[in-house]
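# Structural overview for review
Letter by letter, the chains look like this.
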Amino acid sequence: PMFKKSFEMFFKSNAEGKLDMGFQGSMEIHCSREIKIAGVIGPVASMNKSGNNVSQEVEYGIGGTNTWRLCSLDPSTTLSAYFEVVNQHSSALREGQHRYVQFVTKYQHADGTYRCRVSTNAGLWTEGSNIGQVRSSIDQEAAAVLVARLSVWKTENEEAFDILRWLDRKLIHMCSRFATFGETKEAFSLPVNLSLYPQFMFNLRRSQFLQVFNYSPDETAFYRSYLNRENTENALLMIQPTLISYNMTSPPAPALLDVSSIKPDSILLLDTFFYVIVFSGERIAQWRKAGYHEDPQYAALKALLEAPKDDAASIIEERFPYSRYIEADEKGSQARFLLAKLNPSISYNNEEQVGQQSLIYTDDASLQVFMDALKEQAQQSVQNS
């Protein structure tokens with residue numbers, strides 16, 4: 001029912017009985033003279049309206065203009081705007097001087113009226129050497145989505161291998177600039193508002209947006225198009241899915257996106273935005289197949305089996321496009337959808353550490369190996385600078 005449900009939600013009406021979307025939209029950007037518009041990534045088309053605030057040297061996404069056409073808008077439509085700092089050294093910026101960016105969005109509402117929304121943002125300039133102030137102004141989630149969209153845009157003209165190297169260089173540069181180093185790798189640390197950014201980049205490198213093997217061109221285009229239009233929360237969910245663990249001894253709780261989260265007596269709920277998976281551990285699957293949950297004396301088992309399905313249904317019900325629902329068992333054929341998203345901390349390379357846990361047959365580096373290499377490269381970058 002995926003297409004049918006998505007089709008119904010597309011024409012869903014709001015409380016006033018009108019379609020919850022806008023038409024014939026446009027967005028114009030105005031900014032202070034110290035910055036110029038490099039481009040916009042999202043469901044837009046250029047209106048070829050140039051000006052002094054348009055960069056002629058740097059272009060990301062659809063650039064060369066300060067106005068873009070949007071055929072339609074909905075509450076989740078989100079655009080990424082990129083800018084270039086062009087202030088001349090002869091006119092140095094004063095500490096505490098403000099910069100401004102203004103977004104003027106116009107569209108025709110479903111009721112026929114024309115609406116205009118103006119959003120103005122202001123920020124303070126500071127010296128590049130003022131690391132503390134620069135560091136505190138970074139939103140790691142928004143930054144991860146901006147970099148992900150830029151990576152997808154690069155796939156139009158560059159090979160995936162080159163894009164991965166570009167991501168690595170940017171991540172190393174960020175860590176060398178904002179991380180705290182010590183004499184050992186364990187002393188490496190990032191500020192709280194950047195602590196998850198390397199993990200986002202690790203999952204982005206492994207995602208279907210850059211690793212297109214086993215995906216058709218249509219699937220790849222579909223995934224990338226929604227990454228470029230959804231809000232930060234949904235886009236981050238595509239990059240790094242959420243995992244919730246259910247068992248009979250404790251309430252549902254978030255779990256690490258790691259193969260070690262697979263337990264024989266637990267159920268996992270994975271939300272990747274495009275599909276939602278209910279994954280039963282080996283013992284739970286055996287009990288279910290034996291029909292124990294149908295026996296009144298095992299009411300707790302029945303409640304455990306129903307809880308993740310109810311939560312999955314509530315997630316899917318509110319999502320557009322309608323997510324694919326998958327039920328999988330440990331060591332079953334459908335388990336591949338979950339395993340593909342988990343960190344392979346236990347694989348055949350270190351099979352002696354498995355014990356009673358599941359493992360992933362992959363040559364991909366684990367998050368720990370990735371972080372160790374990142375710490376080493378970032379420290380070398382600092383020493384060489």
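Going by the structure above, here's the rest.
The paragraphs below set out a description of the structure included in this document.

Calculation rules
Residues numbered from 1 in each chain as written. Predicted model: local features only at pLDDT ≥ 70, side-chain atom pairs only at ≥ 80, totals over all residues. Heavy atoms only, no water. Helix = DSSP H or I, 4+ residues; strand = E, 2+ residues; numbered from the N terminus. Buried < 20%, exposed > 50% of the residue type's maximum accessible area, 1.4 Å probe, protein only. Contact = heavy atoms within 4.5 Å. Lys, Arg positive; Asp, Glu negative; His and termini not counted. Charge placed at Lys NZ, Arg CZ, Asp CG, Glu CD. Salt bridge = Lys/Arg side-chain N within 4 Å of Asp/Glu carboxyl O. Pairing = 2+ DSSP bridges. Axes fitted to C-alpha atoms, helices over the stretch in contact; angles between N-to-C directions. Parallel < 35°, antiparallel > 145°, perpendicular 65-115°, else oblique. Nonpolar A, V, L, I, M, F, W, Y, C, P; charged D, E, K, R; others polar. Polar contact = N/O pair within 3.5 Å; in protein donor to acceptor, adjacent residues only side chain to side chain. Phe/Tyr/Trp six-rings, centres within 6.5 Å; stacked < 30°, edge-to-face > 60°.

### Some points on the overall build of the protein
Within the protein, the regular secondary structure consists of 11 helices and 12 strands. For the C-alpha atoms alone, the extent of the protein along its principal axes is close to 75 × 65 × 35 Å. Looking at the 385 residues of the protein, the share that counts as buried comes to 42%. By sequence separation, contacts in the protein at least 24 residues apart represent 64% of the contacts at least 6 residues apart. Charge centroids of the protein, computed over 37 positive and 45 negative side chains, lie 5 Å from each other.

### With respect to the pattern of salt bridges
Across all of its chains, the model carries 12 salt bridges by this definition. For Lys 49, the salt bridge is made with Glu 28, and the minimal N-O distance between the two is 3.3 Å. You can see Lys 49 sitting in the loop between strand S3 (45–46) and strand S4 (67–73) and its partner Glu 28 sitting in strand S1 (residues 22–31), a full 21 residues away along the chain. Accessibility expressed as a relative area gives 41% for Lys 49, which makes it partly exposed. For Glu 28, a relative accessible area of 16% gives the class buried. For the salt bridge of Arg 205 with Asp 168, the shortest nitrogen-to-oxygen distance reads 3.0 Å. With Arg 205 in helix H5 (residues 197–206) and Asp 168 in helix H4 (residues 160–178), this residue pair connects regions lying 37 residues apart in the sequence. Here Arg 205 and Asp 168 have matching classes, each one buried. Overlapping salt bridges, with partners in common, bring together Arg 165, Asp 168 and Arg 205 in one network.

### Considerations on the sheet that holds strand S7 (residues 114–124)
Taking strand neighbours across the sheet as the criterion, the 5 strands line up as S3-S4-S1-S6-S7 in an open arrangement whose pairing is antiparallel. Where the open sheet ends on each side, the last strands, each with one partner, are S3 and S7. Bridge analysis of S1 against strand S6 (residues 98–109) gives 8 bridges, and the strand direction is antiparallel. Pairing of Phe 23 across the sheet is with Gln 108, part of S6.

### Quick word on the packing of H4 against H5
For the pair H4 and H5, the least separation of the axes is 11 Å and the interaxial angle reads 175°. Viewed along their axes, H4 and H5 adopt a mutual orientation that is roughly antiparallel. Contact with H4, carried on its side by Leu 164, Arg 165, Leu 167, Asp 168, Leu 171 and Met 174, involves Tyr 197, Pro 198, Met 201, Leu 204 and Arg 205 of H5 and no other residues of that element. When the residues that make up the contact of H4 with H5 are grouped by side-chain class, the tally is 8 nonpolar, no polar and 3 charged.

### Points about the environment of Gln 97
Mapped onto the fold, Gln 97 is located in the loop between strand S5 (80–85) and S6. The class of Gln 97 is buried, set by a relative accessible area of 17%. Taking the C-alpha atoms as reference, Gln 97 lies 17 Å from Ile 131; in sequence the two are 34 residues apart. When neighbours within four sequence positions are excluded, Gln 97 is seen to be in contact with Glu 34, Gly 123, Leu 124 and Trp 125.

### Section: the side chain of Asn 203
Turning to its location among the elements, Asn 203 is positioned in helix H5. At 2.9 Å, the side chain of Asn 203 forms a polar contact with the backbone oxygen of Gln 199. At a separation of 2.9 Å, a polar atom in the side chain of Asn 203 contacts the side chain of Gln 240. Residue contacts for Asn 203: discarding those within four places in its chain leaves Ile 239, Gln 240, Leu 257 and Lys 341.

### A word on the side chain of Thr 272
Positionally, Thr 272 belongs in the loop between strand S10 (267–271) and strand S11 (275–280). Residue class for Thr 272 comes out buried when judged on its relative accessible area of 3%. In contact with Thr 272, other than residues within four places in its own chain, are Leu 237, Met 238, Pro 241 and Lys 341.

### A few points about the packing of aromatic side chains
Inspection of the entire model under this criterion finds 16 aromatic pairs. Seen in terms of ring centroids, Phe 10 and Phe 320 are 6.1 Å apart; in terms of plane orientation they differ by 35°. Their pairing is tilted. Taken together, the residues Phe 10 in helix H1 (residues 2–10) and Phe 320 in the loop between helix H9 (299–317) and strand S12 (324–329) connect sequence positions 310 residues apart. Its relative accessible area of 39% is what places Phe 10 among the partly exposed residues. Judged by centre distance (5.7 Å) and plane angle (55°), the ring pair of Phe 222 and Phe 274 falls under tilted. Highlighted residues: Phe 222 in helix H6 (residues 217–227) and Phe 274 in the loop between S10 and S11, separated in sequence by 52 residues. Assessed through its relative accessible area of 34%, Phe 222 is described here as partly exposed.

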